[in-house]
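Residue-level structural notes
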Amino acid sequence: MNRIESRRRRSHHGFTLIELLVVIAIIAILIALLLPAVQQAREAARRTQCRNNLKQLGLALHNYIDVNSVFPMGLSDTVWGNAEITGDGWAWGAAILPYLDQAGLFNQFNFNTNPYNCITCGAAPTGNQALIATPLAAFNCPSDVRPSVAANNPGNAATGKGTNATALSSYMGSAGPFDGTPCAQNGTVPVAEARNIGLFRVNSALSFRDITDGSSNVFAVGEVRYIPNGVDATNAAYGSDRQFIYGHVTTGGGPKCDNNGVNNNGMHNHVRWTRHKLNGPLTNAGTLERAFHSNHVGGAHFLMGDGSVRFVSENIDHTSTNFVVGPPSNVNGPYGTYQRLAGINDGQIVSDF
Amino acid sequence: MHGSSLFFLVASVVTIGFVSGCGSRGGPPLGMVTGTVTLNGEPVSGVNVVFVPEDQGSPSYGGTDENGVYRLMFNQKRAGAELGTHHVLIENREPETDDSGKPIDDTPIVKIPKKYQQPGELTADVGSGRNNIDFDLEADTKQSSNATRTASK
């Protein structure tokens, strides 16, 4: 009797509607918990890839040094102004191509003309103008969401002084702690200005013996992200969308190393400075076009001179110190850790960062 | 049956509590900073304001609008500046130039005297919560070179 009754009760027992709803709600909450974790795992994977690319650039730079005894120049620009001169306008990114398994591309470039030069300019560019549209995975950080190419002076594409497609980069060389004038005029020749005490400079190639601060204590290459030009709350321009792998020219046909504005071509297309904050605010005052920045939460990766890759916090000690011409100049400090890391011979101690 | 549904309800409430309770923002504590920059009593538009912590820390940036009002940003998401004493730099904004390096806009820019663009002349204390910090600058031609600063919380 008892057994029969219990069997009957069991066969009638089911979940009530409320119980089912609660179970579904809990499952929904658990899924909601999991989804952000999946997104974070994706970003972690992208960050790893980004870091690996930087390491590859480091190996390429060191292989370059093994062959040439020096680091590549930041930018070649041999005549003051923006005149079109043989072989001007090429950046460090083009120099290390053979060491990134891109010897084929390197050999096709004609370094006897400017980077935008085309043999038959027009609808279908040829020569350098076609080749500089080649995006390279080694220069692409997956976290840096951007187009692979960008138009540059497109109205002058037919004359070889502009292009409809320039390959963009996520990695810029380090040119020093002060982001003012990137080069100075010495007669007719541009030379690195006194404040440019970073590893990549105009027309000069440095070697390890120049890095008196110790190669593990100085930045070689850092991350940038594509920031479309816009205006901030005070109607002032900001942005960082001219980040080119191979080189640049201006509408005059040559490079112009002393340009460093938002809407300019210049040194800042290939190298950056640490005067302004890492991952700074989207304002004119943040001077994003000359600074390092990334899409990673909390900082960005930097390749050090010794080939190691470090993640630098955006809250690193930083004084945003401007260059004082002097005498006495403040090229040897005092300034904060972030700027010290960019100077290769500032003589200031870098504690752990 | 009542007992089990009650258990489910309690479990779900606890779970929701855990989900909504675990949120934290990275970075140091900040105080919100706004204010007005004037030069000889006139509001200055189009200059950049930089707060650099006197001790170790990371700077905040802002620019003045047409009324000379600035609002500091610490990074892309967070407004404000680190707590404590700051060196304040007030810098001329560089003119926007075209490809050849010529300025696009010909409207004259108010020149901030050099001393305000270097650390040492201006300081400010940032406390937690809202800070209203005004800067009254004096042009170089005048005899007295000390800027007066009024700070109120």
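Turning to the confidence of the model for chain B, a few remarks are in order. All names here are of chain B. On average, chain B scores 79 in pLDDT, and the residues at 70 or more come to 73%. Scored below 50 in pLDDT, residues 19-24 makes two contacts in the model with residues more than four places away or belonging to other chains. Scored below 50 in pLDDT, residues 142-153 makes 27 contacts in the model with residues more than four places away or belonging to other chains. With pTM at 0.86, the complex prediction returns an ipTM value of 0.84.

Side-chain pairing between opposite charges can occur once the charged atoms of the two side chains come close. As enumerated under the stated definition, the model contains nine salt bridges over all chains in all. Where Glu193 of chain A meets Arg195 of chain A, a salt bridge forms, and the shortest distance between an N and an O atom there is 2.9 Å. Residue Glu193 of chain A shares its accessibility class with Arg195 of chain A, and that shared class is buried. Among the ionic contacts, a cluster of salt bridges with common partners joins Asp179, Arg275 and Arg290 of chain A together with Glu91 and Glu94 of chain B.

As a further point, take the packing of aromatic side chains. Residue and element names in this part refer to chain A. Under the defined criterion, the tally for this structure stands at 19 aromatic pairs over all chains. Measuring from ring centre to ring centre gives 5.0 Å for Phe106 and Phe111, while their planes differ by 45°; the resulting arrangement is tilted. On the basis of relative accessible area, Phe106 is assigned to the partly exposed category, the value being 25%. Look at Phe111 and you get partly exposed, because its relative accessible area is 26%. Between the aromatic rings of Phe302 and Tyr338, the centroid separation amounts to 6.2 Å while the plane-to-plane angle is 75°, which identifies the pairing as edge-to-face. With a gap of 36 residues between them, Phe302 in strand β10 (residues 299-304) and Tyr338 in helix α6 (residues 337-340) connect regions that are remote in the sequence. The buried category is assigned to Phe302, whose relative accessible area is 0%. Ring pairs connect the aromatic residues Phe71, Trp92, Phe139, Phe200 and Phe208, which therefore count as one cluster.

Procedures and definitions
Residues numbered from 1 in each chain as written. Chains lettered and ligands numbered in written order. Predicted model: local features only at pLDDT ≥ 70, side-chain atom pairs only at ≥ 80, totals over all residues. Heavy atoms only, no water. pLDDT = per-residue confidence, 0-100. Contact = heavy atoms within 4.5 Å. Salt bridge = Lys/Arg side-chain N within 4 Å of Asp/Glu carboxyl O. Buried < 20%, exposed > 50% of the residue type's maximum accessible area, 1.4 Å probe, protein only. Phe/Tyr/Trp six-rings, centres within 6.5 Å; stacked < 30°, edge-to-face > 60°. Helix = DSSP H or I, 4+ residues; strand = E, 2+ residues; numbered from the N terminus.

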